[in-house]
Amino acid sequence: MIRVVIADDHPVVRQGLCTFLGLQDDIEVVGEAGDGDEAVEIVAARAPDVLLLDLRMPVLDGLGALELLAERGLAVRVLVLTSVSDRADVAPAMRAGAAGFLYKDVDPGSLVQAIRAVAAGQVLLAPEAARAVLDGGGSVPATDNPSPLTEREREVLGLIAAGRSNREIARELSVAEKTVKTHVSNVLMKLGVQDRTQAALYAVRHGMG
């Protein structure tokens, strides 16, 4: 059973989500919050698997809630579910620890699949949010986190995060496209990610994009 907390400042939205998710055999809504501060307290008290988090809320917004969750060491997979369409919000949210980013116009069935995926440890982005990351949406300062990558692989990863194709990367680095494909495969394997979007998220979180 996947335990879920819903954080949204609109009661109608919370009620609708509770009703819909309550129909799922493997999902249980264990709490609701109307602001970020309340969401953090409920997560601390009820230890859910997934927190559905709106970004625009009073008292403490979604980004503030993500930061507070990290400060308090509360382990929960956060799936941002927001009506905000600002591309600049995606990178900060993912950098702050969100495991997924969806918009409220998502198909209900896709939302359920997203909750299951995030609970299982996957990273999930709406197509628009993925494009924002791949296009370099949002600035992220460099960090001192160690990387398992070689210098050349770090270069390739940075170009992936900038949305470059293999052909463009090959042209920029003056190497064969086949060589780039090998580097990309090595990057995905070393980072333990499945695709270029997840690799780009790693780059964003570690100041390499």
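A quick note: this is a predicted structure, and the numbers were derived from the prediction, not measured.

**Q** Help me understand the UniProt feature "modified residue: 4-aspartylphosphate" (unreviewed entry) in the protein chain, please; the structure alone is not making it clear to me.
**A** As recorded in UniProt, the feature "modified residue: 4-aspartylphosphate" (unreviewed entry) lies at D54. Looking at where D54 falls in the secondary structure, it is placed in the loop between strand 3 (50-53) and helix 3 (62-71). Excluding anything up to four places from it in sequence, D54 contacts A7, D8, D9, G62, L81, T82, S83 and K104.

**Q** Please explain the pairing of strand 5 (residues 100-103) as it appears in this structure.
**A** The two faces of strand 5 match: G100 and L102 on one face and F101 and Y103 on the other face are all buried. Where strand 4 (residues 77-82) and strand 5 come together, four bridges link them in parallel fashion. Residue pairing across strands places L79 opposite G100, the latter belonging to strand 5. Of the strand pairs in this sheet, strand 5 and strand 6 (residues 124-125) are connected by two bridges, and their pairing is parallel. Bridging from a neighbouring strand, F101 pairs with L125 of strand 6. Chirality of the crossover, the property in question, places the unit of strand 5, helix 5 (residues 108-119) and strand 6 among those that are left-handed.

Reading the values: rules and limits
Residues numbered from 1 in each chain as written. Predicted model: local features only at pLDDT ≥ 70, side-chain atom pairs only at ≥ 80, totals over all residues. Heavy atoms only, no water. UniProt positions renumbered as here; feature names shortened; annotations may be inferred. Helix = DSSP H or I, 4+ residues; strand = E, 2+ residues; numbered from the N terminus. Contact = heavy atoms within 4.5 Å. Buried < 20%, exposed > 50% of the residue type's maximum accessible area, 1.4 Å probe, protein only. Pairing = 2+ DSSP bridges. Right-handed = clockwise from strand over helix to strand, strands pointing away.

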